[in-house]
Amino acid sequence: MEYQNILVTREENIGIVTFNRAKVLNALNHATMVELSAAIDELDSDRTVRCIILTGAGEKAFVAGADINELRAIASAAEGTEFAAWGQTIFFKIETLSKAVIAAVNGYALGGGCELAMACDIRMAADSAKLGQPEINLGIIPGYGGTQRLPRLVGKGRAKWLILTGDMISAQEALRIGLVDFVVPVAELMNKAKELARKIASKAPLAVAWAKKSINVGTEIDLVAACAYEASQFGLVCGTEDRVEGTTAFLEKRPAQFTGR
Ligand code: COA
């Protein structure tokens, strides 16, 4: 697919998706969402890509939300439901992808931008970033999973504070409440995100995939069922060549060469 609104690049075994509508602070219009979905499919099916980074072009924004022009044009409740559900399927694709996805939050991550970051596995923010769910100021609520992923990350009270006030918070505050996992100087953001991506990319791909799945599935169900689920995923990794390679390499005191089989 020819991309008009995003850039898709590869560095070694890392895939990088850069939202590229800096003039509108990388707001997510329909075309950008279609391209995001296609880019995720493309990077998912590329076996040389072992970790993905999402970031925004320019110095100001990661993603400043869904495109407010399109929000204004929604004509009915049914259309609104469809709008939200369709966006949610794309964010679920990211969350359930077999590869790890890192959000490198380089500036504003608002509304759909904050929701997108929350659908990623790990959030690394520039010290200048600002995050929030300002939908309430537009007379709407988050629709791409924000009312669900935010309380799961930061707790109900803090989620209600952010969603009911629409307040933006600093990267440091986001770190304090658990909305982001790391804060780094803005100039170092991409290098640090790539360093993290390279580290994950060096691990056994199936172990990464099943660890991610075990955490995602297990944290939504009760502990006993979750541990049984973990055991089944553990069983799956035990059936891989990479388990033999990883354990053998340790015992032979050499670096493991993982193949993803
Ligand atoms: N949708 C569409 N356009 C957007 C946008 C969005 N979510 N966010 C920013 N833009 C556009 C602005 O309309 C402006 O366009 P213009 O140059 O044609 O006037 C351009 O991006 C730059 O934004 P601007 O508001 O001038 O920058 P700022 O530095 O003064 O403010 C923000 C930055 C992020 C505080 C402000 O743009 C904002 O509040 N954006 C909306 C955030 C939001 O509500 N997101 C949730 C949507 S669900």
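Figured I'd write up the structure that's included with this text. (Residues numbered from 1 in each chain as written. Predicted model: local features only at pLDDT ≥ 70, side-chain atom pairs only at ≥ 80, totals over all residues. Heavy atoms only, no water.)

Let us now look at the site of the ligand. Surveying the vicinity of the ligand reveals 17 residues, the closest of which are Val 24, Lys 60, Ala 64, Ala 66 and Ile 68. Contact distances for the ligand include 3.0 Å between a nitrogen atom and a backbone N or O atom of Ala 64. For the ligand, a nitrogen atom lies 2.9 Å from a polar atom in the backbone of Ile 68. Starting from 870 Å² of accessible surface for the ligand in isolation, the protein chains cover 59%. For the shell around the ligand, the elements supplying multiple residues, two or more each, are α2 (68-72) and β6 (108-110). Looking at the shell around the ligand residue by residue, the class counts come to 12 nonpolar, one polar and four charged. (Near = heavy atom within 4 Å. Polar contact = N/O pair within 3.5 Å; in protein donor to acceptor, adjacent residues only side chain to side chain. Areas by Shrake-Rupley, 256 points an atom, 1.4 Å probe, with all protein chains shown as cover. Helix = DSSP H or I, 4+ residues; strand = E, 2+ residues; numbered from the N terminus. Nonpolar A, V, L, I, M, F, W, Y, C, P; charged D, E, K, R; others polar.)

Next up on the list: the sheet that holds strand β1 (residues 6-11). What holds strands together in a sheet is hydrogen bonding between their backbones, with the strands either parallel or antiparallel. Taken together, the six strands give an open sheet; going across it, the order is β1-β2-β3-β5-β7-β10, and neighbouring strands pair in mixed fashion. Of all strands in the sheet, those with a lone pairing partner are β1 and β10 (182-184), marking the two edges. With direction set aside, neighbouring strand axes in the sheet form an average angle of 20°. Examined bridge by bridge, strand β5 (residues 100-105) and strand β7 (residues 122-126) share four bridges and lie parallel to one another. Within β7, the position partnered with Ile 102 by the bridge is Ile 122. (Pairing = 2+ DSSP bridges. Axes fitted to C-alpha atoms, helices over the stretch in contact; angles between N-to-C directions.)

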